[in-house]
Amino acid sequence: MQFVIAETLEHALELMASGSRPIAGGTDLVVGARQGKEPLPDALVAIDRLGVLASIDGGTGEDGEIVIGACVSHATIAGHGDIIDLVPGLADGSSLVGSPATRHVGTIGGNIMNASPAMDTGAPLLAAGAAVEVASTRGSRLLAVADLWLGPGQTSVDSDELCVAVHIPRPGPRTSSAYVRLEYRRTMEIAVVGAGAQVSLSDDGSVASASVALTAVAPVIIAVQGLSEVVGLQPGEAARTVARLASEQSRPISDLRASDRYRRHTVGVMASRAVLAACRRAAGEEIAVPVNRSEGIGAGYPGDAVANTTADGVEL
Ligand SMILES: Cc1cc2nc3c(=O)[nH]c(=O)nc-3n(C[C@H](O)[C@H](O)[C@H](O)COP(=O)(O)OP(=O)(O)OC[C@H]3O[C@@H](n4cnc5c(N)ncnc54)[C@H](O)[C@@H]3O)c2cc1C
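Residues numbered from 1 in each chain as written. Predicted model: local features only at pLDDT ≥ 70, side-chain atom pairs only at ≥ 80, totals over all residues. Heavy atoms only, no water.

Colleague: Break down the packing of helix α9 (residues 235-249) against helix α10 (residues 260-282) for me, with residues and values.
Modeller: Their axes nearest at 7 Å, the elements α9 and α10 cross at an angle of 150 degrees. Accordingly, the angle class assigned to the pair α9 and α10 is roughly antiparallel. The handedness of the crossing between α9 and α10 is right-handed. When α9 is examined against α10, the residues Pro-235, Gly-236, Ala-239, Val-242, Ala-243, Ala-246, Ser-247 and Glu-248 are found in contact with a partner set consisting of Arg-264, His-265, Val-267, Gly-268, Ala-271, Ser-272, Val-275, Leu-276 and Cys-279. (Axes fitted to C-alpha atoms, helices over the stretch in contact; angles between N-to-C directions. Helix = DSSP H or I, 4+ residues; strand = E, 2+ residues; numbered from the N terminus. Parallel < 35°, antiparallel > 145°, perpendicular 65-115°, else oblique. Left-handed = near helix turned anticlockwise from the far one by under 90°. Contact = heavy atoms within 4.5 Å.)

Structure, rendered in structure tokens:
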């Protein structure tokens, strides 16, 4: 096996053009190989030391876009002030990944390029309308994350294309986001189901626009369709409508962790909670990252607060 540590981005792209596969944190690639899912490729190029892939621009450019380098770790994203302020849903997702060790080594680029339907950054990125910048020796291009995932472990990106960064449009005023997942334990876990929401509120507190994406209920992360239905609704009513749409549109599998019926129901509950948390954040309320912990959603400890009703009395 050939293992080369890339010295520059161009070096990495040249190696990929001649068939090497990129490795960032290795938490999917190496762990998967050890578990016998797929053998390690014959040629690997390590990209984790490329400083050019390791920074976050919290919107200093003309268009105010947030740009996250592919090798930024989940721990960095989860603790980054600009991400928490502007796209807290992504910080929620990153802060739930694996364990502290996984979050310090695992990267956003590896998460989205691994294309698991259970990835925790996918739904917040899709809800935020993010795009992926990929580069090869042939040039670079941007593609919407909505067009990135084709199926479990499959992307629309060519094998010589490296994910360089993720671009997130700057959210407008009274706009915020949240991501929640159903989990059976707090660490070393993968979402049973999950949901990310980005919501903009009108001055009267009703929903002006919403986008919602779902985790682990289809072969890829999916966007909930028909959300024009929630425009003009107050958050509680909007959350109930989203719950119905999410459950109707999910196509989950049954496996040893959950039945399809259970996933279909609980993804609606997670989607409604994500919408409510995003609405509260959009209204200016501070909900600490991740919503799972601060609102007692998912795996908890005895005595944890559990959010069973919303501020406006809606039963969850
Ligand atoms: C114990 C454990 C718990 C976990 N828990 C979670 C969890 O809760 N939620 C979750 O979402 N994930 C979880 N994961 C999965 C994993 O940690 C994440 O998906 C992580 O973000 C992968 O990043 P990485 O840098 O380690 O990827 P790597 O393993 O280095 O790469 C993953 C794949 O992406 C490709 N790749 C990597 N970087 C790029 C790039 N820049 N451009 C193109 N292709 C690239 C690689 O070739 C490989 O195919 C867990 C993993 C473990 C081992």
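Colleague: Give a detailed account of the pattern of salt bridges, specifying residues and quantitative values.
Modeller: Working definition: two side chains of opposite charge can pair if their charged atoms are close together. Under the definition given, this model contains 15 salt bridges. Across the pair Arg-181 and Glu-183 runs a salt bridge, and its minimum N-O distance is 2.9 Å. Side by side, Arg-181 and Glu-183 carry an identical accessibility label, which is buried. With a shortest N-O distance of 3.2 Å, Asp-255 and Arg-263 are connected by a salt bridge. Where salt bridges share partners, they join Asp-120, Arg-181, Glu-183 and Arg-293 into one cluster. (Salt bridge = Lys/Arg side-chain N within 4 Å of Asp/Glu carboxyl O. Buried < 20%, exposed > 50% of the residue type's maximum accessible area, 1.4 Å probe, protein only.)

Colleague: An account of the site of the ligand is needed here, citing residue identities and associated values.
Modeller: Around the ligand lies a shell of 31 residues, among which Pro-22, Thr-27, Asp-28, Thr-107 and Glu-189 are the nearest. Surface burial for the ligand is 92%, taken as the share of its 980 Å² of free accessible area covered by protein chains. Mapped onto the shell around the ligand, the elements with two or more residues apiece are β2 (21-23), α2 (29-34), α7 (108-114) and β10 (162-168). The leading source of residues in the shell around the ligand is α7, at 4 residues. Tallied by class, residues from the shell around the ligand come to 15 nonpolar, 11 polar and 5 charged. (Near = heavy atom within 4 Å. Areas by Shrake-Rupley, 256 points an atom, 1.4 Å probe, with all protein chains shown as cover. Nonpolar A, V, L, I, M, F, W, Y, C, P; charged D, E, K, R; others polar.)

Colleague: So, the nonpolar core: which residues are in play, and what are the values?
Modeller: Within the largest apolar cluster, 74 residues are counted, with the highest numbers of intra-cluster contacts made by Ile-68, Ile-168 and Leu-214. The element contributing the most residues to this core is α10, with 11 residues. If we ignore the near neighbours within four places in the chain, the residues touching Leu-214 are Ala-123, Gly-194, Ala-195, Ile-221, Ile-222, Val-224, Ala-246, Val-267 and Ala-271. Judged by nonpolar contacts, the second largest core, of 15 residues, contains Ala-6, Ala-12, Ile-47 and Leu-162. (Core = buried A, V, L, I, M, F, W, Y, C linked by side-chain atoms within 4.5 Å.)

Colleague: Which residues make up the pairing of strand β13 (residues 207-215), and what values do they have?
Modeller: Where strand β12 (residues 193-201) and β13 come together, 8 bridges link them in antiparallel fashion. If you follow Leu-201 over to β13, its bridge partner there is Val-207. Adjacent in sequence and paired antiparallel, β12 and β13 are bridged by 5 residues, among which Gly-205 carries a positive phi angle near 90 degrees. From the end of β13 to the start of strand β14 (residues 222-223), which pair antiparallel, there are 6 residues, and Ala-216 there has a positive phi angle of about 65 degrees. (Pairing = 2+ DSSP bridges.)

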